[in-house]
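Results of the structural survey
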Amino acid sequence: MKTANKVLSRLGLATRAGKLISGEEVVLKAIRSGEAKLVLLAGDASDNTTKKISDKCNSYQVPLLVGFTRFELGSAVGKPERVLFAVTDRGFADMLAKGWGHHSEVENIE
């Protein structure tokens, strides 16, 4: 299994475990409250969203990872499109961050 597929599969697992939240307002609230252990942002998110989330993560010292498309992320969690997630469990956050670093666009070419 390719690394990108493993990461997306783990994202689905975190969703089923109830350790992943999505939606801009909910994610911002989780960052502010300290509930978010890791924030994931689609690589094709708007510049405004990217700046807002990046600034908030920097302020609250929450790790932010950017990658994949909104369609890949949405598909991984069984939704049409998703741009933004917060991981609320340290174990899942570590597992996703580890695989995310190995993701590259070349792996998605088939």
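Residues numbered from 1 in each chain as written. Predicted model: local features only at pLDDT ≥ 70, side-chain atom pairs only at ≥ 80, totals over all residues. Heavy atoms only, no water.

Looking at an unreviewed UniProt entry, the protein carries the name YlxQ family RNA-binding protein, with the source organism given as Cohnella herbarum.

**Details of the packing of helix H2 (residues 24-33) against helix H3 (residues 47-60)**
Two numbers describe how H2 lies on H3: the axes approach to 9 Å, and their chain directions differ by 15°. Taken as axis vectors, H2 and H3 run roughly parallel relative to one another. Considering how the two elements wind past one another, H2 and H3 form a crossing that is left-handed. On H3, the residues touching Glu24, Leu28, Ile31 and Arg32 of H2 are Thr49, Lys52, Ile53, Lys56, Cys57 and Tyr60. Considered class by class, the residues forming the contact of H2 with H3 number five nonpolar, one polar and four charged. (Axes fitted to C-alpha atoms, helices over the stretch in contact; angles between N-to-C directions. Helix = DSSP H or I, 4+ residues; strand = E, 2+ residues; numbered from the N terminus. Parallel < 35°, antiparallel > 145°, perpendicular 65-115°, else oblique. Left-handed = near helix turned anticlockwise from the far one by under 90°. Contact = heavy atoms within 4.5 Å. Nonpolar A, V, L, I, M, F, W, Y, C, P; charged D, E, K, R; others polar.)

**Focus on the pattern of salt bridges**
The full count for this structure, using the stated rule, is five salt bridges. Each of Asp44, Arg70 and Glu81 takes part in salt bridges that share partners, so that together they form one network. (Salt bridge = Lys/Arg side-chain N within 4 Å of Asp/Glu carboxyl O.)

**Focus: the pairing of strand E4 (residues 84-87)**
Looking along a regular strand, one sees side chains alternate from face to face of the sheet. Burial of E4 is two-sided: the residues Leu84 and Ala86 facing one way and the residues Phe85 and Val87 facing the other way are all buried. As paired elements, strand E1 (residues 20-22) and E4 share three bridges and run antiparallel to each other. Looking across to E4, one finds that Ile21 is bridged to Ala86. In terms of strand pairing, strand E2 (residues 38-41) meets E4 through four bridges, oriented antiparallel. Looking at E4, one finds that Val39 is bridged to Ala86. (Buried < 20%, exposed > 50% of the residue type's maximum accessible area, 1.4 Å probe, protein only. Pairing = 2+ DSSP bridges.)

**Some words on the pairing of E2**
What you see with E2 is no split at all: Leu38 and Leu40 on one side and Val39 and Leu41 on the other are buried throughout. Where E2 meets strand E3 (residues 64-66), three bridges bridge the pair, whose relative direction is parallel. If you follow Leu40 over to E3, its bridge partner there is Leu65. Note on the crossover from E2 through H3 to E3: the handedness is right-handed. (Right-handed = clockwise from strand over helix to strand, strands pointing away.)

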